[in-house]
Amino acid sequence: GSEMCIRDRTDIDTNKIILNGGSQAAYISMMVNAIATDIDFMLLSGVPTTDLIEQERLSLIHRMKSNNEPQQLINEALGYQDLYFHYIRTGQNWPVLKKSAQENQEQSWSKYTDHPNKEADLKWWRENFNAFQPQELIPQIKVPTLLIYGEHDAITPPSIMIPQLQHLLKDAINTDIKTVICPDVGHAL
């Protein structure tokens, strides 16, 4: 049969359509907002403000600093992560990444990074690393929006994301965007 459009459903008040999503679903909600004309409000949590690779870099730094890891270990983890994302971006130097992943699995910082065993382990990253560009969508938010972050969110840390969000919104036409930090919760709220 044919699919019914949401506007055609009699059990939904089409004058009050709200998009709700967290993390990646927040990004998807922003994508819908960019093309839809009948959205009235968005309620988003753990909103990323950078592309995936930069978000992973910032998250790594934040998590390690939050655990009082020394700067030397943070730099080592970032060096490994640079190699990891070089492969993600280019598809080059798999043997070098594989060797480094194996050699560094015992490092104290390895719990903060991914250590693939085979190229197939990175399939999702290779296909999607450039698909998410929230920094392009955030200034396009056109409806009243409430953005919620968890105080202890290590994936989209509010201490990093909110200043970036404010920068992205400084020239936005929509000024009806509010941000709230919920105490004592993480990314999943």
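The structure displayed is predicted, hence computed values, not measured ones. (Residues numbered from 1 in each chain as written. Predicted model: local features only at pLDDT ≥ 70, side-chain atom pairs only at ≥ 80, totals over all residues. Heavy atoms only, no water.)

Draft legend 1. Here's a closer look at a nonpolar patch on the surface. Taken together, the side chains of I28, M31 and V32 define a hydrophobic patch exposed on the protein surface, amounting to about 220 Å² of accessible area. Looking at M31, the relative accessible area reads 39%, which means it is partly exposed. (Patch = residues over 30% accessible without salt bridge, like charges linked within 9 Å, V, L, I, M, F, W, Y side chains within 5 Å. Areas by Shrake-Rupley, 256 points an atom, 1.4 Å probe, with all protein chains shown as cover. Salt bridge = Lys/Arg side-chain N within 4 Å of Asp/Glu carboxyl O. Buried < 20%, exposed > 50% of the residue type's maximum accessible area, 1.4 Å probe, protein only.)

Draft legend 2. Just the pairing of strand 3 (residues 145–150), in detail. Burial analysis of strand 3 places five of its six residues in the buried class, which makes it a mostly covered element. Pairing of strand 2 (residues 41–45) with strand 3, which is carried by four bridges, proceeds in the parallel orientation. Within strand 3, the residue paired with S45 across the bridge is I148. Inspection of the sheet shows strand 3 paired to strand 4 (residues 177–182) by six bridges, in the parallel sense. Within the sheet, the bridge partner assigned to L146 lies in strand 4 and is K178. For the handedness criterion, the β-α-β arrangement of strand 3, helix 7 (residues 158–169) and strand 4 is classed as right-handed. (Helix = DSSP H or I, 4+ residues; strand = E, 2+ residues; numbered from the N terminus. Pairing = 2+ DSSP bridges. Right-handed = clockwise from strand over helix to strand, strands pointing away.)

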